[in-house]
Amino acid sequence: MNDEIHHAEEFLDRIEQDDTPAGSDLEYFLAASNQSIIERLYSRADSARKRHIGNGIYLRGLIEFSSFCRNRCLYCGLNRNNTSLARYRMTSEEILKAVDSVASCRISTVVLQSGEDDSLDHIWMRDLISEIRNRHNMAVTLSLGEWEYQAYALWKEAGANRYLLKIETTDRDLYDRLHPGMSHQNRLRCLRDLRSLGYEVGSGIIVGLRGQTVASLCRDIQFFKEENLDMIGIGPFISHPSTELCKESSGDAEMTLRVLALTRIVTKTTNIPATTAIASLDGDFRSQALKCGANVLMPIFTPVLHKSSYEIYPDRSCTNEEGVQYAECLFRLAESLNRHIDYSKGDRKK
Ligand code: SAH
């Protein structure tokens, strides 16, 4: 083994053992130009995934039920200034039908996601959650953005199990520039409220935002560890033509995979999806992600009628496929990698 690889292995040992890994150790891999070092990183992340989680892949059926949003996140196609987007809001009946379809594929987690819809009726949401929990033996994950403690408490009480809220970046200045009218502090407040209420909590970041440095990505990874997150979504920035960031180039798939691989090694048992964002870049990145740490896939069950209107970024994969076909395509992907679908609810392994 040459010196450089030997060095890389030592760094990986340290990253694996340290409570909070040193930024400089993480940076070594994000900045590396030697491809064999990166191969070592991926292979160590793959063994960490295998050791801590096993070969099973959890499926989460995603239903994007409203594209209305009060926010103006500069990168996101749902931002309220984008008047070219047709907005929709699904009814309870439509959502319950989509949930039936998730259940028909034996998938036992449903993710309800939306923009931050000012008209979201908290009681309506509560009733929807309890109806789903009554009808199905399923975990319910919410991804509805920032709300007050009382709303989170109401939904938890109704049976919601998990909540996803990406921090997007831990760099406060960058966060403020990208999210006019929002605050990093409130985002953190939400994550901590959710944790204190007993939700399984998921967060994550966008990789490849202009102004984001390698050092800040390292801090993001340390943040995942410090917050003891149960789920972490890591996806590349994808440039959307009807946003202020339309002229910027999309994030780099390779950098996204490096962050994912390090996150697996550092956080060990966290559930990490191969995100739809990375799958929408040109190339076989969904399977790459599964080979360097990811253990979750999220087939989209939003009805095709609405799917193309939920345009957080353009060219999302499989927009013409109904959920059942989408799920079948992911079953085949898992098989092709000699992994199996784990149909359990897939709580974070303790
Ligand atoms: N409103 C909810 C959930 C909807 S957006 C919330 O704020 O949590 C879900 C995720 O899509 C965001 O967290 C963001 O990370 C991602 N996203 C939005 N626009 C994107 C883009 N252009 N490129 C990559 N990811 C994007």
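Please refer to the structure higher up on the page.
A quick note: this is a predicted structure, and the numbers were derived from the prediction, not measured.

Rules of the game
Position numbers for residues start from 1 in each chain and track the written sequence from start to end. Totals for whole chains, interfaces and linings use all residues, but because this is a predicted model, local features are given only for residues with pLDDT of at least 70 and pairs of side-chain atoms are given and counted only at 80 or more. Excluding hydrogens and water, the side-chain figures rest on all heavy atoms present in the structure. When at least one non-hydrogen atom of a residue lies within 4 Å of a molecule or strand, that residue is treated as near it. Throughout this description, a polar contact denotes any pair of N or O atoms lying within 3.5 Å of each other; where both atoms belong to protein, one of them has to be capable of donating a hydrogen while the other can accept it, and for residues adjacent in sequence the pair is counted only when both atoms sit in side chains. In these tables, accessible area is a Shrake-Rupley quantity obtained with a 1.4 Å probe, and a residue counts as shielded only by the protein chains included in the view. Grid points spaced at 1 Å over the protein atoms alone were grouped into cavities, where a 1.4 Å probe fits but cannot get out, and pockets, open sets with protein on both sides within 12 Å along at least five of seven lines, with lining residues defined by an atom within 4 Å of a point. If over half the atoms of a molecule are within 2 Å of the grid points of a cavity or pocket, the molecule is regarded as sitting in it. The term salt bridge refers to a pairing of a side-chain nitrogen on Lys or Arg with a carboxyl oxygen on Asp or Glu at a separation within 4 Å. A run of H or I in DSSP becomes a helix once it reaches four residues, and a run of E becomes a strand once it reaches two; helices and strands are each numbered from the N terminus. For the exposure calls, accessible area comes from a 1.4 Å probe over protein chains only, and a residue counts as buried if that area is under 20% of its type's maximum, exposed if over 50%, partly exposed in between. Two rings belonging to Phe, Tyr or Trp (six-membered ring only in the last case) form a pair when the distance between their centres is within 6.5 Å. Interplanar angles under 30 degrees mark stacking, angles over 60 mark edge-to-face geometry, and anything in between is tilted. At least two bridges found by DSSP between two strands are what make those strands a pair. The contact criterion used is simple: two residues touch if any of their non-hydrogen atoms lie within 4.5 Å. As a rule, the C-alpha atoms of each element are fitted with a line to give its axis, helices using only the stretch in contact, and angles between N-to-C directions run from 0 to 180 degrees. Orientation labels follow simple angle bins: below 35 degrees gives roughly parallel, above 145 gives roughly antiparallel, 65 to 115 gives roughly perpendicular, and whatever is left gives oblique. Note: crossing handedness is left-handed where the near helix turns anticlockwise from the far helix by less than a right angle, and right-handed where it turns clockwise. Gly counts as polar in this scheme, as do all residues outside two lists: the nonpolar Ala, Val, Leu, Ile, Met, Phe, Trp, Tyr, Cys and Pro, and the charged Asp, Glu, Lys and Arg.

**Student:** Now, about the site of the ligand: what can you tell me, with residues and values included?
**Tutor:** The full set close to the ligand counts 18 residues, and Tyr75, Ser114, Lys166, Glu168 and Ile238 are the nearest of them. Tyr75 places a polar main-chain atom, nitrogen or oxygen, 2.9 Å from a nitrogen atom of the ligand. One nitrogen or oxygen atom from the main chain of Ile238 is found 2.8 Å from a nitrogen atom belonging to the ligand. Summarising the interface, the protein chains cover 91% of the accessible area of the ligand, which totals 550 Å² for the free molecule. When each cavity is represented as a set of grid points, the ligand is found to reside in the largest cavity.

**Student:** A description of the pattern of salt bridges should follow, citing residues and the corresponding values.
**Tutor:** One pass over the structure, following the stated rule, counts 24 salt bridges. Across the pair Asp25 and Arg14 runs a salt bridge, and its minimum N-O distance is 2.8 Å. Within this pair, whereas Asp25 is found in helix H2 (residues 23–31), its partner Arg14 is found in helix H1 (residues 3–17), the two being separated by 11 residues in sequence. Judged by its relative accessible area of 37%, Arg14 is partly exposed. Measuring nitrogen to oxygen at the nearest pair gives 3.3 Å for the salt bridge that ties Asp230 to Arg348. Separated by 118 residues along the polypeptide, Asp230 in the loop between helix H9 (214–226) and strand E7 (231–236) and Arg348 in the segment after strand E9 (340–342) bring together distant segments of the chain. Among the residues examined, Asp230 registers a relative accessible area of 4% and is labelled buried. Here Arg348 falls in the buried class, since its relative accessible area comes to 12%. Taken together, the shared-partner salt bridges in this structure form one network comprising Glu9, Asp13, Glu16, Arg40, Arg44 and Arg51.

**Student:** Summarise the packing of aromatic side chains; cite the residues concerned and give the values.
**Tutor:** Scanning all chains against the criterion turns up 9 aromatic pairs. When the centroid spacing of 6.5 Å and the interplanar angle of 65° are considered together, the rings of Phe223 and Phe224 count as edge-to-face. One aromatic cluster is present, formed by Trp147, Tyr152, Trp155, Tyr163 and Tyr199 through successive ring pairs.

**Student:** Kindly report on the sheet that holds strand E8 (residues 296–297), identifying the contributing residues and their values.
**Tutor:** Reading across from one edge, E8-E1-E9 is the order of the 3 strands in this open sheet, with parallel pairing throughout. Across the chains shown, the open sheet's two edge strands, defined by having one partner strand only, are E8 and E9. Across 3 bridges, the pairing between strand E1 (residues 56–59) and E9 is parallel. When the bridges of E9 are listed, Tyr58 appears paired with Asp342.

**Student:** Break down the environment of Leu281 for me, with residues and values.
**Tutor:** In this structure, Leu281 sits in the loop between helix H11 (276–279) and helix H12 (285–291). Owing to a relative accessible area of 15%, Leu281 belongs among the buried residues under this scheme. Distance in space between the C-alpha atoms of Leu281 and Asp252 is 9.0 Å, their sequence separation being 29 residues. Beyond its immediate stretch of four places on either side in the chain, Leu281 contacts Pro236, Ile238, Gly251 and Ala253.

**Student:** Could you give an account of the packing of H2 against H9, with specific residues and numbers?
**Tutor:** Look at H2 against H9: their axes get within 9 Å of each other, and the N-to-C directions meet at 120°. By the angle between their axes, H2 is oblique relative to H9. Handedness of the H2/H9 crossing: right-handed. Mapping the contact onto sequence places Gly23, Leu26, Glu27 and Leu30 in H2 and Val214, Ala215, Leu217, Cys218, Ile221 and Gln222 in H9. By residue class, the composition of the contact of H2 with H9 is 7 nonpolar, 2 polar and 1 charged.

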